[in-house]
Amino acid sequence: MQPSGPSESTSAPGTVPSSPQLVLPRPDCEQAIKRQPPCPIAQRSAPLERGKTRLASAFFAYFVLGWGDGVTGTLLPHFKSDLHLSFVLSSLFWVASASGYALGTIVVEHVTRIIGRTRFSTQKLPNVVAFPLRFSTGTEKESTIVGFSRSRSRFYTMVSASLLHAVFFILMGCKLGFLSMMIAYVISAFARSFISATLNVYVPSVSKGGLGFLYGSTSLGGFVAPLVCQSIIATGIRWANFYFGSLVLSAINTSFIIYAFWPTQDELRGDAELAWTLYNSASTRLDSASSVAATTVQSPTSSTAPILRATAKDVLGPRSYMAAVKNLQMWADAVFSCIYSGSESATQGFIVVYLLGTRHANPNTAGYVTSGFWGGMALSRFAWGYLGPIVSFRQRKWIVQACICKLRVVEPRRNYTENPLSVIAFVMHLLILLVPSFVENAVSTAVIGTVYGPIFPSNLAVARDLLPTEVHLVSLAIIAACGSIGAALFPFIAGLLTTNVGAYTLPYITIAQTVAMFCIWFFFPSRLPTSQN
């Protein structure tokens, strides 16, 4: 890396500028990093350095998220009886969760930019545990710039979100009332949005099948939590103690994140090299555009601020919200995510209420049906973690189509006919509606969870394949946020109909959602665009 530009002659090798004007000493920068691998190599090797450990930490973090979310359906009748709530008010827990997730999605990019801002020096690497941006005191002997450290931003985001999610368990365990529980669900979803936005980008960069295992871990947490919670309640222990016990998992999760995602020296060095490279490019453009003005300014503020503003913008990258929201494919994925998440949440959230109200199930055993749903989903998502990297873009599209409701399809100009697979999730919802049997309904619920497993990670994978790389972080966050909105909207509708009409209305909602998912997914591309093949 040998930068060039009009300001190259302003400082000699091995010297530090004495002027208050911030001028990049390019030879000093070369001496500080010339013995290290180039930036692209450092960026590629960094995720692999602790890849397995970080994947394990990511999977456990999602397990804890699933642990907290998966128990809501089991505890919903207890929330209703202990807090004297209607089903409409009970469904507001999903609305609170969607609000927290939407708020997190709005601010995630801005917050990660702030906590990732780092002062890079020509003499040493930044300190991991220091505050993200330590302002200069004016007595520093080495030249510094303000840039963005991806590794530090990821570390601070994961640790902060894990600690914030522990607050959810505390508030729920205290059982202070309906309002405090609503706030707890907002906090939980807010923390989940930051963890999801970070890991949805990081995990696929380390493992091609990582998303399947990642969301399988969520389902595994949702499978284990209702089993544990229902067993605790059956012994006469109050349900609030379940949340206090969950703090142990939060402590383990936070400790694991600190150990796994602690930035390595190679990562910090790669961040520093990237920051200096972008600074060189920005300062060269500034020098060529206003070299006369730059040499006549004497005030430290007026001489450094233009460079720092330009540098920060380049190092942190352009804002990508506008590019993402103008992409129609992103919105198609977002709408599909909204309907799917609504169907998933309505099924697992109200199936116990449905079984108690229409099948007269035993209250001490009905809660285990939720575990069957999450258990089936966990199995299929872990299996998808193996199959995801193997199947092609086209095969993935039709596998998911089969999981929803598959018809015979013959493509024009192709001698290729899809095998007729009919009504999987669709038929299971119909059986729940038509067969008056608790056992059959419980089995159908488990099958629904199994075929639903690959759908959400496949939707994210399609978005990653079809959307530009520069909008992945924002787009995946918006898609997940729309999923959270659906997970609040449709359970609220289910609660409203359950209160005013009856619990038997649940299958009508889920059947309509299954048909809508089939129609949207059917019109998704069956192959990658030519430019991306």
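Read on for a plain summary of the structure. Bear in mind that the values here come from a model prediction, so they are computed numbers and not experimental data. Residue numbers restart at each chain and count upward from 1, following the sequence in its written direction. Side-chain atom pairs in this predicted model are given and counted only at pLDDT of 80 or more, local residue features only at pLDDT of at least 70, and totals for whole chains, interfaces and linings cover all residues. Side-chain metrics in this entry use all non-hydrogen atoms of the structure; hydrogen atoms and water are not considered.

What follows deals with the overall build of the protein chain. Secondary structure elements are taken from DSSP: a helix is a run of H or I of four residues or more, a strand is a run of E of two residues or more, and numbering for both begins at the N terminus. Summing up its helical and strand segments, the protein chain has 21 helices and two strands in all. Within the protein chain, the fraction of its 533 residues that count as buried is 55%. Categorising residues by exposure relies on relative accessible area from a 1.4 Å probe, with only protein chains included: less than 20% of the type maximum marks a residue as buried, more than 50% marks it as exposed, and the intermediate range marks it as partly exposed.

Attention now moves to the pattern of salt bridges. A pair is scored as a salt bridge if a Lys or Arg side-chain nitrogen falls within 4 Å of a carboxyl oxygen belonging to Asp or Glu. The final tally for this structure, using the stated rule, is five salt bridges. A salt bridge links Glu 344 to Arg 381; its shortest N-O distance comes to 3.9 Å. With Glu 344 in helix H13 (residues 328–358) and Arg 381 in helix H15 (residues 368–387), the pair connects residues that are 37 residues apart, well separated along the chain. With respect to class, Glu 344 is no different from Arg 381; both count as buried. Between Asp 465 and Arg 396 there is a salt bridge, with the nearest N and O atoms lying 2.4 Å from each other. Of this pair, Asp 465 sits in helix H19 (residues 455–466) while Arg 396 is found in helix H16 (residues 393–404), placing the two residues 69 residues apart along the sequence. For Asp 465, a relative accessible area of 29% translates into the label partly exposed. Among the residues examined, Arg 396 registers a relative accessible area of 9% and is labelled buried.

What follows deals with the packing of aromatic side chains. Between rings of Phe, Tyr and Trp, where Trp is taken as its six-membered ring, a pair exists when centres lie within 6.5 Å; planes separated by under 30 degrees are stacked, by over 60 edge-to-face, and by other angles tilted. Across all of its chains, the model carries 31 aromatic pairs by this definition. Here Phe 242 and Tyr 243 contribute two aromatic rings whose centre-to-centre distance is 5.4 Å and whose plane-to-plane angle is 80°, an arrangement assigned as edge-to-face. Residue Phe 242 shares its accessibility class with Tyr 243, and that shared class is buried. An aromatic cluster is built from Phe 60, Phe 63, Trp 67, Phe 79, Phe 93, Phe 168, Phe 169, Phe 178, Tyr 185, Trp 239, Phe 242 and Tyr 243, whose rings are joined through pairwise contacts.

All right, on to a nonpolar patch on the surface then. Nonpolar side chains collect at one region of the surface, where Met 322, Val 325 and Trp 331 lie side by side and expose about 280 Å² of accessible area between them. Tracing the sequence through the fold places Trp 331 in helix H13. With relative accessibility at 35%, the residue Trp 331 sits in the partly exposed group. Only residues whose relative accessible area exceeds 30% and that take part in no salt bridge are eligible for patches, with like-charged residues grouped when within 9 Å of each other and nonpolar side chains (Val, Leu, Ile, Met, Phe, Trp, Tyr) grouped when within 5 Å. Per-residue and other accessible areas follow the Shrake-Rupley method at a 1.4 Å probe size, with only the shown protein chains counted as cover for residues.

Glancing now at the nonpolar core. Burial of nonpolar side chains together is a common tendency in soluble globular proteins. As used in this record, nonpolar core signifies buried Ala, Val, Leu, Ile, Met, Phe, Trp, Tyr and Cys residues forming a set joined through side-chain atoms within 4.5 Å. Counting residues in each nonpolar core, the largest one holds 109 residues, and the members touching the most others are Phe 79, Leu 199, Tyr 243 and Tyr 452. Listed in part, the five residues of the second largest apolar core include Ile 145, Ala 272, Ala 275 and Trp 276.

Once that is clear, we can look at unusual backbone geometry. Here the phi dihedral of Lys 175 falls at roughly 55°; this positive angle occurs in a residue that is not glycine. Inspection of the secondary structure assignment puts Lys 175 in the loop between helix H6 (150–174) and helix H7 (178–206).

A few words now on helix H4 (residues 72–82). For an α-helix the count is 3.6 residues per turn, leaving residues at separations of three or four pointing the same way. Of all the positions in H4, only Thr 72, Gly 73, Thr 74, Leu 75, Leu 76 and Phe 79 are classed as buried. Of the residues trailing H4, His 84 is marked for its positive phi of about 55°.

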